[in-house]
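Structural features, examined
Here's the letter readout for the chains.
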Amino acid sequence: MLQDAVERHMIRYIGDFPGFFIERADGAYIYDDRGRKILDFTSGQMCATLGHNHPEVVAAIQRSCDRAIHLFSWLLAPEVVELCRELAALLPPQLQKVILLNTGSEANEAALRMAKLATGGYEVVGLSASFHGLTGGAGAVTYSVGRTGTGPALPGSMAIPAPNAYRCPIRHCAGTCDLACLDVGFEQVDQQSTGALAAAIVEPIISTGGVIVPPVGYFPRLKELCEARGMLLILDEAQTAFGRVGSNFCFEQDGVVPDFLAVSKTLGGGIPLAATVTSAEIEEDCYQKGFVHVTSHVSDPLPAAVGLAVLEVLRRERLAERAVMLGVRLEAGLRELQQRYEVIGDVRGRGLLWGVELVTDRHSRTPNAALGTKITQRCLALGLSMNIVALPRLASVWRIAPPLTCSGAQIDEGLSILDQAIRDSLQHAGQASTAEQQTA
Ligand SMILES: Cc1ncc(COP(=O)(O)O)c(C=O)c1O
C-alpha cells in the first residue's frame, strides 16, 4: 500500500527508493517496518552526530513548543541571539558575526552573496570534487554530482583540481600531494578570470567527492593565493564542524582562518539549522552596501534552541575528543580489512569521518563501483547502513561516519558486519581475499 503510494506520488530525487520504511530512530540505530535493527554508519544524512533523537534535542524541541517555534524574520527571540553568541565564542576573533539559516546550501548562498557584495566581483572558484548543495549559487560550484541536464551554471563559476593524493588529478603525485594542483589550478583561474574574482569555496575534507583529505599546508597556501587576488575564502564545514573530525572546526587543524565559515548539518542534531559566520568588517561593509538575505525561517527560535542543546552536549560530553578516540578504533579496523582485501585500495580520514576506496585491484586502482554497491546492499541486509559515494568513472568510496555518541562496541559491530559483507560479496563473485590468495 505504502509502496504503491511511493510509486504513484513521490519524485525520485536520488534514484529508486529502498522498498522498505523506517519506523523509528534512536541513538546509533534505525528500525524498519520488517523488524530490522540497523546500525547507522551514516549519521542520518551526516546530521545526527549526537545519535538519532538525542533526548536533549527532543527536550529543546518540546520547550520551543511552549515558547515560540517561528517568528516574523525581523523579530528576535533570546535563543537566537544566544546561539549566535555561543557560536562566536567557539570561533577566533575574526569570525564573530552570524546569520542563522536552515540548510547547508543556504549557508553557502549567504556566504557567496556576501562575498560578491563585499568584493564587487562575481567569479567563484571551487574544487573539482566539491559538494556545496544544489541551489543556484551553491549548485554552480558543486562539481561532484547534480550538474547534468539543468542548463548553464552561474557565470563566473570555475573549478580547480581537487587535491586527491590517491588519484592525482594532474597525474603528477604518487601518493602524497605536493600542492602542484593548487598552483596549476590558480594559474588557470587567472587565465579564465575577467578580473572579477570574488571567492573560493572549499570543504576542509572533501566529503561527498570521496572523503579527500587535503595535505598539510594546503589551506594556508590557498588563503595566500586568495589574498593575492583580493578573493575571500569560504570554508564549508557542513559535515566537519562540531566534533566530527576531532575538533570543534576542521579549520583549526588546518592552520587557516577563513573569511566565511558555513556550518549546517552537524549543528542541528537532525533539525534544519545552518549558520554563516564572517568578520565584523565584512558584515559592516555588506550592511553599508544594503545586504538583504531574508528567508522564511531566518532566525527561527526552534532550530536555534536545538542548536544550543547540540553545542551543550558537544561540550559536556567532549564529543570532539570522543571522535578522536573512536576514530582510532575505526581506522585500525578499516586498515585491518584493507590488509585482508585486495579490493580496498585506500583508507583515509580524520576523527570519525573515514573514506574507504574500492578498486578492482591495487595495481590498476580501477574504481569498483559494482562491487561497492553490492557490498553496501549486503551490509544493509546484515544490519548496517553505509553510504557509498559512487562517482561515475572516478571513484567508489564508502563514507563512514557513525554518530559521535556511539560506543566502541558499536564501532566493532559495524566493522564486523562490513567484514562479513565483503566476504559474502567476494565469495559470491568468486574472488578470494588477499589473505586467502596468499595462503592458496
Ligand atoms: C559540504 C556540504 N555543503 C553543503 C551541503 C548542502 O547541504 P543541504 O543539503 O543542507 O543544503 C552538503 C550536503 O550534503 C555538504 O555535504
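Remember, predicted model here, so these are calculated numbers, not experimental data.

Looking now at the overall build of the protein. From N to C terminus, the protein includes 14 helices and 15 strands. Here the C-alpha radius of gyration of the protein, 22 Å, is about what a compact globule of 440 residues would show, namely 22 Å. With respect to the three principal axes, the spread of C-alpha positions in the protein is 70 × 55 × 45 Å. The burial tally for the protein puts 53% of its 440 residues in the buried class. When contacts within the protein are restricted to residue pairs at least 6 apart in sequence, long-range pairs at least 24 apart make up 72% of them. As displayed, the protein offers around 19500 Å² of accessible surface, 54% of which is attributable to carbon and sulfur atoms. Within the protein, one finds 37 positive and 47 negative side-chain charges whose respective centroids are separated by 4 Å.

Neighbouring residues of the ligand: Thr-103, Gly-104, Ser-105, Asn-108, Phe-131, His-132, Gly-133, Glu-203, Asp-236, Ala-238, Gln-239 and Lys-265. In this structure, a nitrogen atom belonging to the ligand sits 2.6 Å away from a side-chain N or O atom of Asp-236. For the shell around the ligand, the element with the most residues is helix H5 (residues 104–119), which contributes 3 residues. By residue class, the composition of the shell around the ligand is 2 nonpolar, 7 polar and 3 charged.

Before going further, it helps to spend a moment on the nonpolar core. Grouped burial of nonpolar side chains is what soluble globular proteins tend to show. Core analysis: the biggest nonpolar cluster contains 89 residues, and Leu-334, Ile-400 and Leu-418 have the highest contact counts within it. When residues in this core are grouped by element, the largest group, 8 residues, is from helix H10 (residues 301–316). Discounting residues that sit within four places of it in the chain, Leu-418 has contacts with Leu-334, Leu-337, Ile-375, Cys-379, Leu-384, Met-386, Trp-398 and Ile-400. If you look at the next biggest cluster of nonpolar residues, it comprises 16 residues, including Ala-115, Val-141, Tyr-143 and Ile-234.

Strand order in this open sheet of 4 strands is S11-S12-S15-S14, and the pairing throughout is antiparallel. The open sheet has two free edges, formed respectively by strand S11 (344–350) and strand S14 (387–391), since each of these has just one partner strand. Between one strand and the next, the sheet's axes are offset by a mean angle of 20°, whatever the strand orientation. For S14 and strand S15 (residues 395–400), the ladder comprises 5 bridges, and the chain directions are antiparallel. What sits directly across from Asn-387, in S15, is Arg-399. Sitting on the sheet, helix H12 (residues 369–382) touches strand S12 (353–358), S14 and S15, and the angle it makes with S15 is about 30°.

Taken together, the side chains of Met-10, Tyr-13 and Ile-14 present a nonpolar region at the surface, about 390 Å² in accessible area. Looking at where Ile-14 falls in the secondary structure, it is placed in the loop between helix H1 (2–9) and strand S1 (22–26).

The 7 strands are arranged S4-S10-S9-S8-S7-S5-S6 in an open sheet whose pairing can be described as mixed. At either end of the open sheet lies a strand with only one pairing partner, and these are strand S4 (97–101) and strand S6 (157–160). Neighbour-to-neighbour, the strand axes of the sheet open up by a mean angle of 20°, direction not taken into account. Here 4 bridges tie strand S5 (residues 123–127) to S6, and the two strands are oriented parallel to one another. Bridge assignment links Gly-126 to a residue of S6, and that residue is Ala-159. Contacting S4 and strand S10 (274–278), helix H4 (residues 78–90) runs over the sheet at an angle of about 125° to S4. Along the sheet, helix H7 (residues 180–192) makes contact with S5, S6 and strand S7 (197–202), crossing S6 at roughly 155°.

This paragraph deals with the pattern of salt bridges. Enumeration over the complete set of coordinates arrives at 25 salt bridges. Note that Asp-4 and Arg-8 form a salt bridge whose closest N and O atoms lie 3.4 Å from each other. Of this pair, Asp-4 and Arg-8 both sit in helix H1, 4 residues apart, which is roughly one turn of the helix. Asp-4 sits in the partly exposed class, given a relative accessible area of 40%. You can call Arg-8 exposed: its relative accessible area is 63%. We note a salt bridge from Arg-335 to Glu-331, for which the minimum N-O separation is 2.8 Å.

Further remarks concern the confidence of the model for the protein. Predicted confidence across the protein gives a mean pLDDT of 95, with 98% of residues reaching 70 or more. Element-level mean pLDDT values for the protein span from 49 in helix H14 (residues 434–439) up to 99 in strand S9 (residues 260–263).

Our next topic: the pairing of S1. Alignment of S1 against strand S2 (residues 29–32), held across 4 bridges, turns out to be antiparallel. Looking across to S2, one finds that Arg-24 is bridged to Tyr-31.

Their axes nearest at 9 Å, the elements H5 and helix H9 (residues 280–288) cross at an angle of 75°. With respect to H9, the axis of H5 lies roughly perpendicular. Taken together, the residues of H9 that come into contact with H5 (itself represented by Met-114, Leu-117 and Ala-118) are Ile-282, Glu-283, Asp-285 and Cys-286. Of the residues contributing to the contact of H5 with H9, the split by class is 5 nonpolar, no polar and 2 charged.

For strand S8 (residues 232–236), the tally of buried residues reaches 5 of 5 residues, placing the bulk of the element in the interior. Of the two faces of S8, both are covered, the one formed by Leu-232, Ile-234 and Asp-236 as well as the one formed by Leu-233 and Leu-235. The sheet contact formed by S7 and S8 spans 4 bridges and is parallel. Bridge assignment links Val-202 to a residue of S8, and that residue is Leu-235. Crossover connection from S7 via helix H8 (residues 218–228) to parallel S8: handedness right-handed. In the sheet, S8 pairs with S9 via 3 bridges, with the strands oriented parallel. Across the sheet, Leu-235 pairs through a bridge with Leu-261, a residue of S9.

Cut-offs used in this document
- Residues numbered from 1 in each chain as written.
- Predicted model: local features only at pLDDT ≥ 70, side-chain atom pairs only at ≥ 80, totals over all residues.
- Heavy atoms only, no water.
- Helix = DSSP H or I, 4+ residues; strand = E, 2+ residues; numbered from the N terminus.
- Rg over C-alpha atoms; globule rule 2.2 N^0.38 Å.
- Buried < 20%, exposed > 50% of the residue type's maximum accessible area, 1.4 Å probe, protein only.
- Contact = heavy atoms within 4.5 Å.
- Areas by Shrake-Rupley, 256 points an atom, 1.4 Å probe, with all protein chains shown as cover.
- Lys, Arg positive; Asp, Glu negative; His and termini not counted.
- Charge placed at Lys NZ, Arg CZ, Asp CG, Glu CD.
- Near = heavy atom within 4 Å.
- Polar contact = N/O pair within 3.5 Å; in protein donor to acceptor, adjacent residues only side chain to side chain.
- Nonpolar A, V, L, I, M, F, W, Y, C, P; charged D, E, K, R; others polar.
- Core = buried A, V, L, I, M, F, W, Y, C linked by side-chain atoms within 4.5 Å.
- Pairing = 2+ DSSP bridges.
- Axes fitted to C-alpha atoms, helices over the stretch in contact; angles between N-to-C directions.
- Patch = residues over 30% accessible without salt bridge, like charges linked within 9 Å, V, L, I, M, F, W, Y side chains within 5 Å.
- Salt bridge = Lys/Arg side-chain N within 4 Å of Asp/Glu carboxyl O.
- pLDDT = per-residue confidence, 0-100.
- Parallel < 35°, antiparallel > 145°, perpendicular 65-115°, else oblique.
- Right-handed = clockwise from strand over helix to strand, strands pointing away.

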